[in-house]
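Here is what each chain is made of, one letter per residue.
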Amino acid sequence: MESNIEVMKILMIGDSVYPDTMGGSHRHIHDISRALSERGNDIVVYSPKPKPESKGEEMIDGFKVMRYNRGGNKAKSLIDFIFGPYRIFKKELKNGYRPDVIHGHWPLTVFLIFLYVRLRHLPIKLVYTFHGPAYEEYKIELKQNVIVKNVFLQIVKMLEQTVLNLSDSISTASEYMKKKAIALYGNERKIVVNYHFVDIYKFRIDERKDFKGLFLKDHKYVISIRRIKKRMGLQLLINSFVDVLRQVPNCELLIGGKGNYEGELKNLAKSLHIQDHVHFLGFLPDDDLKYYYSKSDVCVVPSQDLEGFGLTTAEALACGTPVVATNRCANPELLKGITPELLAEYNADDMSKKIILALNKNYDSQKLRSYIMENFNIDKMLDGYLKLYNSK
C-alpha cells in the first residue's frame, strides 16, 4: 500500500496481546501492530505479563512489547490493569519517549494515560477502538457479591465513559458495535466504523492431507473456534447438535479454544448423550487453525452478545469454509454479502437447520475466500486507522 503519510510513533494499549492470549481484540492488536511496523512505523505495545516469568520487554513480529506485572487475585489484577500501563508510560516519558498517537483498546488500561495526556496538554492524538462495552462484559462474567459487583460495574462504566469523552476519535469494528457504543455513551460524532481484517496469507485454503489422522473420509465435521466462556453461545451449539446428529449421524463437532466454561459444556454434551461426537481441541496455533478450518465442512459462530466483529467468521471464510452464525451482533454484516441463508435465529431448532443446510450444500471455497479478500483486507482497515491518526 502506497502512503505519503510520515512515519509515526504509535503506542498500542489493550488488556493483552497475541500470542500471550487468544482473544479477538488481542489478535487484532498484534495484527495491526505488525502491519503498521511493516510500513515503517515505530510501534510499542503495553500488555500485562501472562505469567510471572514472562519477559518484561521483547520484540514480536517487528514491534516492541513492554509488559507489566499483573496480580493473581481479581482485585490486584484490576488495579494492575489501571496503574501498570500508566507507570510504564510515565517512566518512558522521562526517558524521552513521546508517541504521536496513543491507540487504546481497553478502558481500564488507558484511563489514567488518556487523562494525563489531556491534563498536561501533550500534543498526542488519542484514538480508541471500542471492541465492546467493558461494563457489559464484566456484568456477564463477574460472580461477586451483588453490592460489590454493582459498585464495581458503575466504576467501570464511569471509566469507560471518560475514556470515550477524552478520545479524539473512536472506531468500532461494525455498525452493530457503533450502535451499542452510542446507546451506552453517546459520542456519535466521534465514532467511525472501521471493519477489522483477516490475514489472508496466514489463513488460506490448506491443501495438506490429513496429517493429524483426525478427519475420516466418510464423516462430516462442524467446527467452532471460541473462547470457552458462557457468553460465547457454545451451549446453544451443543444443544442444536442433537438434531444435526439425527439427520447426519456421521457428523462430529470440534470445539477449539480455552476458557472456564469447558466443564459445563462437557457435562451438557454428556447429559444429551452426544459426548462421543463432541471433541474439545484446546488451544490451536494459527498453522493448525487454517488446517482445521479447511478440513471442516462447516464453521459455526453461535454469538450470543457483544461480538463486535467475528474474527472466526472471517478466518473460516478465508480458508474456504462456509459459516453458520446467529443473526446477532456483527454476524449479518459479515455474511449478508455472501451466504445470508446461513444466518440462524438464536435457538437450537433453527441453528440445527442451518448447519444441516450448509452440510448438504456444496459451497465454492474460492468464492468464499475471494469475498474476504475483497471486503475485509488489511489495506482497507489500515487506511481507516491512518485517517484517524492524522485527522485534525
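Predicted, not measured: the structure shown is a model, and the values here were computed from it.

Visitor: Let's hear about the nonpolar core: which residues, and what values?
Guide: Val 222, Tyr 293, Ile 355 and Ile 372 are the most contacted members of the largest nonpolar core, which totals 64 residues. Examining the composition of this core, we find that eight residues originate from one element, helix 7 (residues 234–247), more than from any other. Apart from residues no more than four positions distant in its own chain, Ile 355 is found in contact with Val 222, Leu 237, Ser 240, Val 244, Val 298, Val 300 and Val 324. Counting 48 residues, the second largest nonpolar core, distinct from the first, contains Val 44, Tyr 86, Trp 106 and Leu 108.

Visitor: Explain the state of the cysteines residue by residue, including any values.
Guide: The full count for this structure, using the stated rule, is zero disulfides. Left unpaired, Cys 251 is separated from the closest cysteine sulfur, that of Cys 299, by 13 Å. You can see Cys 299 has no disulfide; the closest cysteine sulfur is in Cys 319, sitting 9.4 Å from it.

Visitor: Hey, could you go over the environment of Leu 253 for me, with residue numbers and the actual values?
Guide: Counting through the fold element by element, Leu 253 comes out in strand 10 (residues 251–256). Measuring from C-alpha to C-alpha, the distance between Leu 253 and Val 222 comes to 4.9 Å, with 31 residues separating the pair along the chain. Aside from chain neighbours lying at most four places away, what touches Leu 253 is Val 222, Leu 237, Ile 238, Phe 241, His 277, Val 278 and His 279.

Visitor: Give a detailed account of the environment of Ala 314, specifying residues and quantitative values.
Guide: With respect to the helices and strands, the residue Ala 314 is situated in helix 10 (residues 311–318). The sequence separation of Ala 314 and Tyr 68 amounts to 246 residues, and the corresponding C-alpha distance is 32 Å. Dropping the residues within four chain positions of it, Ala 314 is found in contact with Val 198, Phe 309, Leu 334 and Ile 372.

Visitor: Could you give an account of the pattern of salt bridges, with specific residues and numbers?
Guide: One pass over the structure, following the stated rule, counts 18 salt bridges. A salt bridge links Arg 27 to Asp 286; its shortest N-O distance comes to 2.9 Å. Of the two residues, Arg 27 is situated in helix 1 (residues 24–38) and Asp 286 in helix 9 (residues 286–295); the sequence distance between them amounts to 259 residues. Comparing Arg 27 with Asp 286, the two get one shared label, buried.

What counts and how
Residues numbered from 1 in each chain as written. Predicted model: local features only at pLDDT ≥ 70, side-chain atom pairs only at ≥ 80, totals over all residues. Heavy atoms only, no water. Core = buried A, V, L, I, M, F, W, Y, C linked by side-chain atoms within 4.5 Å. Buried < 20%, exposed > 50% of the residue type's maximum accessible area, 1.4 Å probe, protein only. Helix = DSSP H or I, 4+ residues; strand = E, 2+ residues; numbered from the N terminus. Contact = heavy atoms within 4.5 Å. Disulfide = S-S within 2.5 Å. Salt bridge = Lys/Arg side-chain N within 4 Å of Asp/Glu carboxyl O.

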